[in-house]
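Below, each chain spelled out in residue letters.
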Amino acid sequence: MGILRSTFISLSEARQLRSLAESSSIGKKLSRRFVPGLEIEDVVASAQDLNRRGISSTLDSLGENVSDEAHAQRSAKTYHTMLDKIGELKLNANVSLKLTQMGMDLKGGIAERIVAGLVDHAHDVDSFVRVDMEGSPYTQATIDMVRRLNQNAKSSGRVGIVIQSYLRRSESDIEDLCGQSIPVRLCKGAYKEPSDVAFPDKHDVDRNYVRLMTKLLESGTYPAIASHDERIISQAVQYVKEQNITPDRFEFQMLYGIRRDLQRRLVAEGYRLRLYVPYGDAWYPYFMRRLAERPANVLFLVRNLLKS
Ligand code: FDA
């Protein structure tokens with residue numbers, strides 16, 4: 001892992017820096033590069049604007065690792081409000097959530113009850129819940145929970161998961177998930193992982209991404225190819241053309257604010273694109289992971305700050 005990448009990932013976990021950054025006006029301003037706003041109205045307006053441009057979205061209320069049930073229930077309430085908005089405004093949108101935000105670290109199956117309620121709600125408003133993937137200590141528990149949720153008749157097809165190509169285990173996970181028709185979003189992975197768990201070399205992560213992507217396009221259930229890597233996206237486009245896989249059988253996904261040129265190009269070429277649109281005041285860890293992916297973003301932000 002590059003030094004800059006691991007520095008930014010470590011900074012994403014620094015609690016004091018986080019509270020300082022999230023409460024400062026400069027911090028809030030900088031976060032706008034990757035987060036459209038702090039309020040639910042901001043994310044809904046963003047989803048409407050994207051729909052007008054032929055792009056769907058997955059809405060995320062920022063937050064991770066809650067330490068008590070009341071906090072988990074507050075997170076759940078926010079997601080129910082987002083699903084109500086999706087239903088009322090008939091948005092072409094769904095939601096993405098993190099299990100630690102729903103109480104995964106707490107005892108008594110709280111997270112599973114909360115997420116089951118959200119998946120039911122998603123069914124009622126004809127939407128979908130994507131469970132994001134966090135660090136590797138949560139991988140197996142996340143897969144197990146999504147599998148159990150998907151077995152419920154009402155939830156089936158309304159809940160999906162994320163698999164990270166940097167993890168050595170992902171190929172066998174993808175085979176199992178394809179066998180159970182669980183929709184998978186494939187990404188490279190954004191956390192700091194030991195080398196016995198994840199490939200330390202970026203070339204291996206990229207090579208594994210292409211291998212897993214091909215498997216998903218062949219036998220996955222409506223897979224989501226989540227990447228801004230132009231080379232990988234070209235390979236996906238070439239593969240679906242060769243295999244006559246029509247654009248309604250999968251979608252590309254990207255993060256709000258990243259590679260807008262590539263986003264426009266894919267939509268113009270007739271491919272489905274969904275943007276991950278986060279909002280809220282707990283933006284700091286998400287923001288630092290985006291800097292970790294591309295440290296050149298820091299220069300971009302500093303230039304913007306100097307201009308304003
Ligand atoms: P890579 O990092 O190799 O970047 C390829 C190119 O994309 C760069 O050269 C640059 O042009 C552009 N780029 C990438 N990141 C950028 C940035 N931050 N700023 C500007 N340009 C950038 N991870 C995870 O662990 N769990 C999850 O649940 C999710 N969920 C998720 C959803 C969606 C829709 C996306 C797109 C991504 C995720 N991720 C994630 C994050 C993912 O694991 C990964 O860290 C980023 O997508 C960056 O990887 P790329 O595939 O873009 O390639």
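What counts as what
Residues numbered from 1 in each chain as written. Predicted model: local features only at pLDDT ≥ 70, side-chain atom pairs only at ≥ 80, totals over all residues. Heavy atoms only, no water. Salt bridge = Lys/Arg side-chain N within 4 Å of Asp/Glu carboxyl O. Helix = DSSP H or I, 4+ residues; strand = E, 2+ residues; numbered from the N terminus. Buried < 20%, exposed > 50% of the residue type's maximum accessible area, 1.4 Å probe, protein only. Pairing = 2+ DSSP bridges. Right-handed = clockwise from strand over helix to strand, strands pointing away. Expected span 1.5 Å × (residues − 1). Contact = heavy atoms within 4.5 Å.

Asks: Describe in detail the pattern of salt bridges, supporting the description with residues and values.
Replies: Using the criterion set out here, one finds 21 salt bridges in the structure. One salt bridge connects aspartate 124 with lysine 154, and the closest N-O pair in it is separated by 3.4 Å. On the criterion of sequence distance, the pair formed by aspartate 124 in helix 6 (residues 110–124) and lysine 154 in the loop between helix 7 (139–151) and strand 4 (159–164) is long-range, its members being 30 residues apart. You can call aspartate 124 exposed: its relative accessible area is 52%. Owing to a relative accessible area of 33%, lysine 154 belongs among the partly exposed residues under this scheme.

Asks: Hey, could you go over the pairing of strand 4 for me, with residue numbers and the actual values?
Replies: In summary, the side chains of a regular strand alternate between the two faces of the sheet. In terms of burial, strand 4 is largely enclosed, as six of its six residues are buried. Here strand 4 shows two buried faces, one formed by Val159, Ile161 and Ile163 and the other by Gly160, Val162 and Gln164. Here two bridges tie strand 3 (residues 129–131) to strand 4, and the two strands are oriented parallel to one another. By the bridge assignment, arginine 130 is partnered in strand 4 with glycine 160. Handedness of the strand 3-helix 7-strand 4 crossover: right-handed. Where strand 4 meets strand 5 (residues 184–187), four bridges bridge the pair, whose relative direction is parallel. Bridging from a neighbouring strand, valine 162 pairs with arginine 185 of strand 5. Taking the sense of rotation as the criterion, the β-α-β connection linking strand 4, helix 8 (residues 170–179) and strand 5 turns out right-handed.

Asks: So what's going on with helix 9 (residues 202–219)? Which residues, and what values?
Replies: Helical geometry note: an α-helix holds 3.6 residues per turn, so side chains three or four residues apart project in the same direction. Here helix 9 is 18 residues long and its end C-alpha atoms lie 26 Å apart, about the 26 Å a rise of 1.5 Å per residue gives. Those residues of helix 9 not exposed but buried are Val205, Asp206, Asn208, Tyr209, Val210, Leu212, Met213, Leu216 and Leu217. Buried-residue contacts for helix 9 involve helix 8, strand 5, strand 6 (224–226) and helix 10 (230–242).

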